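# Results of the structural survey
Chain by chain, the residues:
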Amino acid sequence: MTVETLIPVAYLIAAVTFILGLKGLSSPTTAVQGNRIAAAGMLIAVIATFFAFDVKGGVPVILAGIAVGGVAGFAGARMVKMTAMPQMVALFNGAGGGAAALVAILEFARHEELDAGVLEVGASLATLLALIIGAVSFSGSAVAFGKLQGLITPKAFRYAGQQLVTGGIAAATALLSLVLLAGAVAGSFAIEPMFLITLITLLALVFGVALVMPIGGADMPVVISLLNAYTGLAVAAAGFTLNNQLLVVAGTLVGASGTILTRLMSKAMNRSLGNVLFGAFGAAPAAGAEAATAGDDGRSIRSIGPEDAAILLSYAQNVIVVPGYGLAVAQAQHSVRELADLLESRGINVKYAIHPVAGRMPGHMNVLLAEANVPYDKLFDMDQINPEFQRADVALVIGANDVTNPAARSNPGSPIYGMPILDVDKAQNIIVIKRSMKPGFAGIDNDLYLDPKTAMLFGDAKDAVGKVVQELKKAT
Ligand code: NAP
């Protein structure tokens, strides 16, 4: 067996591990193992690639690149806080898109050298796609990162005629691409091809910025997922350009999974993708806006202390914990686990209600609770847990807001009307832990807080849950 025959085998093994890895990622119990399997497959793919191409002269440069990227990726992944994960994904994703675009530019340059300006049509099309989609993903992800990191305003940036300008940039990119392809068909170019390619690259970069700037900061996870799908497509196109089957497979997997995830997130927020990209939701006043402390109908909020919360919980038979973004911010997962253990030791039944878009990224709550070793069989999806709220003595809402807002069911004028929510208001008693009456991501008031069954326990989630734990311990 020669090295040449082993390379496709290595690539096949790597492709299978990617699929197994994705399958593993579909459940919290197998996610870590899935990640490891895919990482092992990637290692096999990287090693095989050294033998697949004539890279001898470039080995030191490649190894240096791997060292720099590896150290940066490892350190970044270890240091990043869970709440900053979306911008981390944006950064990595942008790097993938940028890499595909760079491969495309180098391929065009190489062809120019080899063929004295003559480009092959098929290869040019794949390379152009890798260039355009990769560049859009790169600049779009950079803007998404900037918004989420607070480097640029996270609010939706809008101006009159915006869609016309964005459409114009897209049309110009398409037109120049056609000119390039027409030149490739004719075998002669009216405009220098590398000049065309430079213009196309610049326009695609501007298009990425124009696409993401009008989107509100907290809508960014959906956009990042979409950009992730773009990067997958760009990588698959680069695979055609380089005649590398593994890139085609890996890129297609990323493209398909990114598309599915984007769809699922939009659906869970009851928004169409078009509405996320072009709607004004993200422009709504987000966190920071003050909320009313009394309803128009004279209802007012009821505030309680940790002692009363502990009493309410200790008399319960069934408690449903509803975690949200605030739990992630406060890093209260370990305190919540301690509270649940304490309640269970008294024979109280504790379950967790997981909304698909609670937090700021898919699976956010699952990851947090897994970190605190909350058993997976205590985590219930929205559809499973909703019928149980009416039998719950206490629904304990910790840092969740929008995903519990009954306006999504009852107020057709609400921006979140139609979004499936957790039926917290059906519980016998509701305790809400948050710091103030400020709204959540959607920037809207929550009628749940004015419900006579609701008691507000104001404070940082970790601190407040810790105090309730102390009160419960005192009572034993
Ligand atoms: P949310 O509606 O954003 O509300 C979070 C609440 O946590 C806030 O009202 C805030 O109130 C509170 N909070 C913040 N820091 C806290 C702390 N240290 N201690 C205690 N409370 C704290 O969160 P959610 O209910 O989880 O809903 C998620 C929202 O994000 C949805 O609107 C969803 O559509 C959107 N979204 C989710 C994803 C995803 O993939 N998960 C993606 C994009 C958008 P105070 O400031 O008063 O404390």
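Everything numeric here is computed off the predicted structure, so don't read it as measured data. (Residues numbered from 1 in each chain as written. Predicted model: local features only at pLDDT ≥ 70, side-chain atom pairs only at ≥ 80, totals over all residues. Heavy atoms only, no water.)

Here we take up empty space enclosed by the protein. Evaluated as defined, the whole model comprises two cavities of 30 Å³ or more. Each pocket or cavity is described by its volume, and for the second largest cavity that value is around 30 Å³. What lines the second largest cavity is Ala309, Leu313, Leu339, Leu396, Ile431, Ile433, Leu457 and Val468. Mapped by element, the contributors of at least two residues to the lining of the second largest cavity are helix 11 (306–314) and strand 5 (429–434). Residues belonging to the lining of the second largest cavity are distributed by class as follows: eight nonpolar, no polar and no charged. (1 Å grid on protein atoms, 1.4 Å probe; cavity = no way out; pocket = protein on both sides within 12 Å on 5 of 7 lines; lining within 4 Å. Points joined across faces, edges and corners; volume = space filled by probe spheres on them. Helix = DSSP H or I, 4+ residues; strand = E, 2+ residues; numbered from the N terminus. Nonpolar A, V, L, I, M, F, W, Y, C, P; charged D, E, K, R; others polar.)

Counting buried positions along strand 6 (residues 454–458) gives four out of five residues, so the element sits mostly inside the fold. One ladder, built from five bridges, connects strand 5 with strand 6; its direction is parallel. Each bridged residue has a counterpart across the sheet, and for valine 432 the counterpart in strand 6 is methionine 456. (Buried < 20%, exposed > 50% of the residue type's maximum accessible area, 1.4 Å probe, protein only. Pairing = 2+ DSSP bridges.)

In this section: the side chain of threonine 241. Relative to the helices and strands, threonine 241 resides in helix 8 (residues 220–242). In this structure threonine 241 comes out as buried when scored by relative accessible area, which is 13%. A polar side-chain atom of threonine 241 sits 3.1 Å from a polar atom in the side chain of threonine 127. Non-local contacts of threonine 241, meaning those with residues more than four positions away in its chain, are made with Glu107, Ala123, Ala126 and Thr127. (Polar contact = N/O pair within 3.5 Å; in protein donor to acceptor, adjacent residues only side chain to side chain. Contact = heavy atoms within 4.5 Å.)

Proteins that are soluble and globular tend to have nonpolar side chains buried together. Of all hydrophobic cores here, the largest spans 89 residues; its most connected members are Tyr352 and Phe389. Apart from the residues lying within four places of it in its own chain, the contact partners of phenylalanine 389 are Ile320, Val322, Ala353, Ala395, Leu422, Asp423, Val424, Lys426, Ala427 and Gln428. (Core = buried A, V, L, I, M, F, W, Y, C linked by side-chain atoms within 4.5 Å.)

A few words now on a nonpolar patch on the surface. Judged by side-chain polarity, Met42, Val46, Ile62, Leu63 and Ile66 come together as a nonpolar surface patch covering roughly 400 Å² of accessible area. Of all the secondary-structure elements, those providing two or more residues to the nonpolar patch are helix 2 (31–52) and helix 3 (59–79). Per-element tally for the nonpolar patch: the top contributor is helix 3, with three residues. Looking at the secondary structure, you find methionine 42 in helix 2. (Patch = residues over 30% accessible without salt bridge, like charges linked within 9 Å, V, L, I, M, F, W, Y side chains within 5 Å. Areas by Shrake-Rupley, 256 points an atom, 1.4 Å probe, with all protein chains shown as cover. Salt bridge = Lys/Arg side-chain N within 4 Å of Asp/Glu carboxyl O.)

The subject of this paragraph is helix 2. With 22 residues, helix 2 ought to run about 32 Å at 1.5 Å a step, and its terminal C-alpha atoms sit 31 Å apart, in line with that. Elements in contact with the buried residues of helix 2: helix 1 (3–25) and helix 9 (245–268). (Expected span 1.5 Å × (residues − 1).)

Attention now goes to the site of the ligand. Of all residues adjacent to the ligand, which total 30 residues, the nearest are Asn401, Asp402, Arg435, Ser436 and Phe441. Contacts to the ligand include tyrosine 325, whose backbone N or O atom sits 3.0 Å from an oxygen atom. In the model, a nitrogen atom of the ligand is placed 2.9 Å from a nitrogen or oxygen of the alanine 461 main chain. Out of a free accessible area of 920 Å², the ligand has 97% covered by protein chains. The leading source of residues in the shell around the ligand is helix 12 (residues 325–330), at four residues. Residue composition of the shell around the ligand, grouped by class: 16 nonpolar, eight polar and six charged. (Near = heavy atom within 4 Å.)

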